[in-house]
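A look at the structure
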Amino acid sequence: MRVAVVVPAFNEMEQIEATLAGIPDWVDQIWVVDDGSCDATVMLATRSGDPRVRVHRHAVNQGVGRAIATGYLAAVTEGAEVVAVMAGDNQMDPTDLARVVEPVLRGEADYVKGNRFAHAERRRMPAARRLAGYGLAHVTRFATGLRIDDPQCGYTAIAASAVRRLDLDDLWPRFGYPNDLLALLAAARLRVVEIPVRPVYADERSGVRPWHVLVITGLLARRFVQRVARRAHGQGDLAGSTGEIRWRRTPGSG
Ligand SMILES: Nc1nc2c(ncn2[C@@H]2O[C@H](COP(=O)(O)OP(=O)(O)OP(=O)(O)O)[C@@H](O)[C@H]2O)c(=O)[nH]1
Ligand SMILES: [Mg+2]
């Protein structure tokens, strides 16, 4: 199957070359989606020398969720059958990529999420990230019905067939997109699987701010209301029917 990697990048001139250099040989397409950077990100990505790399530019910054949606559509249009996301800040360990795409390749999942909490090195995550992650996992489980441990992890893979079924124009464009995407996947009854991945925190910059927790909670509240309304109209998706999660020690809520 043809595998693509989408690399969302906003002002990542310090990390983009290392990110691209780490992507394994067996990946067929690499889509760097530059999200309106005002530094040398585009120049460095363009001159990477890797023939698999194509750079798509947002003229103005639109948010990481929209950048990923742009990459999904470009990759699927060009024939990719599985599309992974590896952020341009080099926070995804390339040695995990095979395991992230494998459930999609085997036809066992429509969407795979990395789960940093299930990895032996989970304590390398900053404490505030872990705390927010645990809290948002509860809210995400409740809102979507999916038994997810680490909704904020950006290391993912999606089947092209799932991309075609989702309304990506409806996806929240900024931080909070992973939670919103899970809600869209659950509503479409697509199969979601979590796989342990190594958390990587080094000297990259982060755009995440404490108040994003409130934004994400609001997004999920909106999706929960939609889910209840669907159920009231007999179109229920109510999970566990939606997601089939491995690595979960105990059944989640929802
Ligand atoms: N901050 C930010 N990042 C963007 C944007 N658009 C694309 N990105 C890319 O999205 C990726 C993730 O952004 P980060 O701000 O590091 O967020 P994160 O990795 O989810 O969170 P941390 O765990 O704190 O690093 C990076 O590769 C960014 O370059 C944007 O509008 N803002
Ligand atoms: Mg980051």
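Rules used in this analysis
- Residues numbered from 1 in each chain as written.
- Chains lettered and ligands numbered in written order.
- Predicted model: local features only at pLDDT ≥ 70, side-chain atom pairs only at ≥ 80, totals over all residues.
- Heavy atoms only, no water.
- Buried < 20%, exposed > 50% of the residue type's maximum accessible area, 1.4 Å probe, protein only.
- Helix = DSSP H or I, 4+ residues; strand = E, 2+ residues; numbered from the N terminus.
- Pairing = 2+ DSSP bridges.
- Right-handed = clockwise from strand over helix to strand, strands pointing away.
- Salt bridge = Lys/Arg side-chain N within 4 Å of Asp/Glu carboxyl O.
- Core = buried A, V, L, I, M, F, W, Y, C linked by side-chain atoms within 4.5 Å.
- Contact = heavy atoms within 4.5 Å.

Of all seven residues that make up strand 1 (residues 3-9), seven are buried, and the element is covered over most of its length. Burial of the side chains of strand 1 extends over both faces: V3, V5, V7 and A9 are buried on one face and A4, V6 and P8 on the other. In terms of strand pairing, strand 1 meets strand 4 (residues 82-85) through four bridges, oriented parallel. Looking across to strand 4, one finds that V5 is bridged to A84. Considered for its hand, the β-α-β crossover made up of strand 1, helix 1 (residues 16-21) and strand 2 (residues 29-35) is right-handed.

Turning our eyes to something else, we now look at the pattern of salt bridges. Throughout the structure, instances matching the rule amount to 13 salt bridges. We note a salt bridge from R54 to E78, for which the minimum N-O separation is 3.4 Å. With a gap of 24 residues between them, R54 in strand 3 (residues 53-58) and E78 in the loop between helix 3 (64-77) and strand 4 connect regions that are remote in the sequence. Of the residues examined, R54 reaches a relative accessible area of 36% and is grouped as partly exposed. In this structure, E102 engages R106 in a salt bridge whose closest nitrogen and oxygen atoms are separated by 2.7 Å. For R106, a relative accessible area of 44% gives the class partly exposed. Taken together, the shared-partner salt bridges connect D93, E121, R124 and R198 into one network.

A word on the pairing of strand 4. The two faces of strand 4 match: V82 and A84 on one face and V83 and V85 on the other face are all buried. Of the pairings in the sheet, the one linking strand 4 to strand 6 (residues 156-159) comprises four bridges and is antiparallel in character. Looking across to strand 6, one finds that V85 is bridged to T156.

Bringing the nonpolar core into the picture now. Counting residues in hydrophobic clusters, the biggest one holds 64 residues, and the most contacted among them are L20, Y72, V83, I158, L166 and L185. Those residues in contact with I158 that lie beyond four places of it in its chain are Y72, E81, V82, V83, V104, D110, Y111, V163, L166 and L185.

It is worth stressing that arrangement in space is one thing and function is another; only the former is reported here.
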